Amino acid sequence: MFPDARYPGHVTFPVVGMVGGGQLARMTHEAGIPLGLKFKLLSDTPQDSAAQVVGEVVVGDYRDLETLRAFARGCDVVTFDHEHVPTEHLRALEADGIPVRPGPDALVHAQDKGVMRARLAEIGAPCPRNRIVADPADAAAFADEVGGFPVILKTVRGGYDGKGVWVVRSEADAADPFRAGVPVLAEEKVDFTRELAANIVRSPHGQAVAYPVVESVQVDGVCDTVIAPAPDLDELLAGEAQQLALRIAAELGVVGHLAVELFETRDGRILVNELAMRPHNSGHWTQDGAVTSQFANHVRAVLDLPLGDPRPRAPWTVMCNVLGGDYPDMYQAYLHCMARDPGLKIHMYGKDVKPGRKVGHVNTYGDDLADVRERARHAADYLRGTITE
């Protein structure tokens, strides 16, 4: 209930402040339109994906506290499409009386991999062996502790889509991560069969919903394909993954969407790889494949509204990211894709096409997994220009 000061006793629709102008903000705004919500956006540039469609856009630097404070005035809640807002700035907004969701005490676990690993160890969540290392020699010592090279080195802050992550095979190979000037986390290189993701949404009063566990296929460190639900996943392991995600959300006080990226190991275990406290690429399938999308449920959660049904609409849904390639005019490719597959759902982000850049995604769904996968793969490849028929 958000009273309107102009009319005592009158209740109006709330204003959701979204920090970050990327595609996640664009799709979250889309999900809020049927609910009658008002969105206010803090964007780096007027050309950003969400800035093209949101009505009220403030262009400014999210790293500047006074810019954040000015933006937050008039917002009933502030949420994010990335995790990079300085933690101390979020605490200042809370001190000003602005609801920040997820709050800084939760979000820091998605901002800082060292903090995340330490906290997950405290609550007994299964993780790869890891520790902070001081220099290449210390990385080599860690490698000896876990059975030798290769090991994974990660900068604790700022990485995404494979950036800030190195697979190192020797002490000499370990120099680059330390040049960033931030702490470096070393992790064992896990012998896994595939990557999974458990997506859940949690509200301030503790209501939570869990989506089916999905398989996430990575290519060069970037999510390429998501299959919902993960094929041939043991039911007990799927339930364990959902319960783990729900427990992490409760222990860390997450409000909104939480994606727990997981490794499924060759000996039948799951290990936590990464956390994301915002709508996530592994949940894009829910736009068309679930009763309530991750974006709609994120909005509901940050406003403490009752959460929607997360169940799938069809036995199988496949999401494929559309990456930029050598074919810049994707609009012309729509004719072929739409005519070939009337059930295809295309979601474009309004971005300039650049090689390797995520510019959209496609969703397909149905009863036959092989058919659903082929339809999604064909559309993504055709839009990119890697196939022409």
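All values reported here derive from a predicted model rather than from experimental measurement.

Chemist: How would you sum up the overall build of the chain? Please name residues and give values.
Modeler: In terms of helices and strands, the chain carries 11 helices and 19 strands. A globule of 389 residues ought to have a C-alpha radius of gyration of about 21 Å, and the chain, at 21 Å, matches this closely. Taken along its principal axes, the extent of the C-alpha atoms in the chain is 70 × 55 × 40 Å. Buried residues in the chain amount to 54% of all 389 residues. Across the chain, the fraction of contacts at a sequence separation of at least 24, relative to all contacts at a separation of at least 6, is 61%. Here the chain has roughly 16,900 Å² of accessible surface; of this, 50% comes from carbon and sulfur atoms. Of the charged side chains in the chain, 39 are positive and 54 negative; the average position of the first set lies 3 Å away from that of the second.

Chemist: Run through the nonpolar core, naming residues and quoting values.
Modeler: With 44 residues, the main nonpolar core has V19, I248 and L258 as its most contacted residues. Ranked by residue count, the leading element in this core is helix α7 (residues 235–252), at eight residues. Once you skip the residues sitting within four places of it in the chain, I248 turns out to touch L120, I123, L258, V260, V272 and L275. Residues Y334, V359, A379 and L383 belong to the second largest nonpolar core, which totals 19 residues.

Chemist: Lay out the sheet that holds strand β8 (residues 151–155) with the relevant residues and their values.
Modeler: One open sheet accounts for four strands, arranged β7-β10-β8-β9; its pairing is antiparallel. Lying at the two open borders of the sheet, with one neighbouring strand each, are β7 (130–133) and β9 (165–168). Recorded for the sheet is a direction-independent mean angle of 30° between the axes of neighbouring strands. Pairing between β8 and strand β10 (residues 184–188): five bridges, direction antiparallel. Residue I152 lies in a different strand from β10, and its bridge partner there is E187. Its contacts with the sheet place helix α6 (residues 136–145) against β7, β8 and β10, and it is angled at close to 165° to β7.

Chemist: Lay out the pairing of strand β14 (residues 222–228) in plain terms, naming residues and giving numbers.
Modeler: Of all the seven residues making up β14, seven are buried; the element is thus mostly covered by neighbouring parts of the structure. The loop that links strand β13 (residues 214–219) with its antiparallel partner β14 comprises two residues; one of these, D220, has a positive phi angle of about 55°. Bridging between β14 and strand β17 (residues 316–323) involves four bridges; their strand directions are antiparallel. Bridging across to β17, T225 finds its partner in C320.

Chemist: Lay out the packing of helix α4 (residues 104–111) against helix α5 (residues 113–122) in plain terms, naming residues and giving numbers.
Modeler: Where α4 meets α5, the closest approach of the two axes is 6 Å, and the angle between their N-to-C directions is 110°. If you check the angle between α4 and α5, you find them roughly perpendicular. Mapping the contact onto sequence places V108, H109 and Q111 in α4 and K113, V115, M116 and R119 in α5. Partitioning the contact of α4 with α5 into residue classes produces three nonpolar, two polar and two charged.

Chemist: Tell me about the sheet that holds strand β6 (residues 77–80), and please be specific about residues and values.
Modeler: Overall, parallel pairing links the four strands, which are arranged β5-β4-β3-β6 in an open sheet. Two strands bound the open sheet, and with one partner strand each, they are β5 (56–59) and β6. For this sheet, the mean angle separating the axes of adjacent strands, direction not counted, is 25°. For strand β4 (residues 38–43) and β5, the ladder comprises four bridges, and the chain directions are parallel. When the bridges of β5 are listed, L41 appears paired with V57. In the packing of helix α1 (residues 23–32) onto the sheet, the strands contacted are β3 (15–19) and β4, and the crossing angle to β4 comes to about 170°. Of the strands in this sheet, β3, β4, β5 and β6 are in contact with helix α2 (residues 65–72), which crosses β4 at around 165°.

Chemist: Can you break down the packing of aromatic side chains residue by residue, with the values?
Modeler: Tallied over the full model, the rule gives three aromatic pairs. Arranged with centres 4.6 Å apart and planes meeting at 25°, the rings of F192 and F263 form a pair that is stacked. Here F263 lies in strand β15 (residues 256–265) and F192 lies in strand β11 (residues 192–202), a separation of 71 residues in the sequence. The ring centre of Y62 lies 5.6 Å from the NZ or CZ of R63, which sits over that ring.

Rules of the game
- Residues numbered from 1 in each chain as written.
- Predicted model: local features only at pLDDT ≥ 70, side-chain atom pairs only at ≥ 80, totals over all residues.
- Heavy atoms only, no water.
- Helix = DSSP H or I, 4+ residues; strand = E, 2+ residues; numbered from the N terminus.
- Rg over C-alpha atoms; globule rule 2.2 N^0.38 Å.
- Buried < 20%, exposed > 50% of the residue type's maximum accessible area, 1.4 Å probe, protein only.
- Contact = heavy atoms within 4.5 Å.
- Areas by Shrake-Rupley, 256 points an atom, 1.4 Å probe, with all protein chains shown as cover.
- Lys, Arg positive; Asp, Glu negative; His and termini not counted.
- Charge placed at Lys NZ, Arg CZ, Asp CG, Glu CD.
- Core = buried A, V, L, I, M, F, W, Y, C linked by side-chain atoms within 4.5 Å.
- Pairing = 2+ DSSP bridges.
- Axes fitted to C-alpha atoms, helices over the stretch in contact; angles between N-to-C directions.
- Parallel < 35°, antiparallel > 145°, perpendicular 65-115°, else oblique.
- Nonpolar A, V, L, I, M, F, W, Y, C, P; charged D, E, K, R; others polar.
- Phe/Tyr/Trp six-rings, centres within 6.5 Å; stacked < 30°, edge-to-face > 60°.
- Lys NZ or Arg CZ within 6 Å of the ring centre and 35° of its normal.

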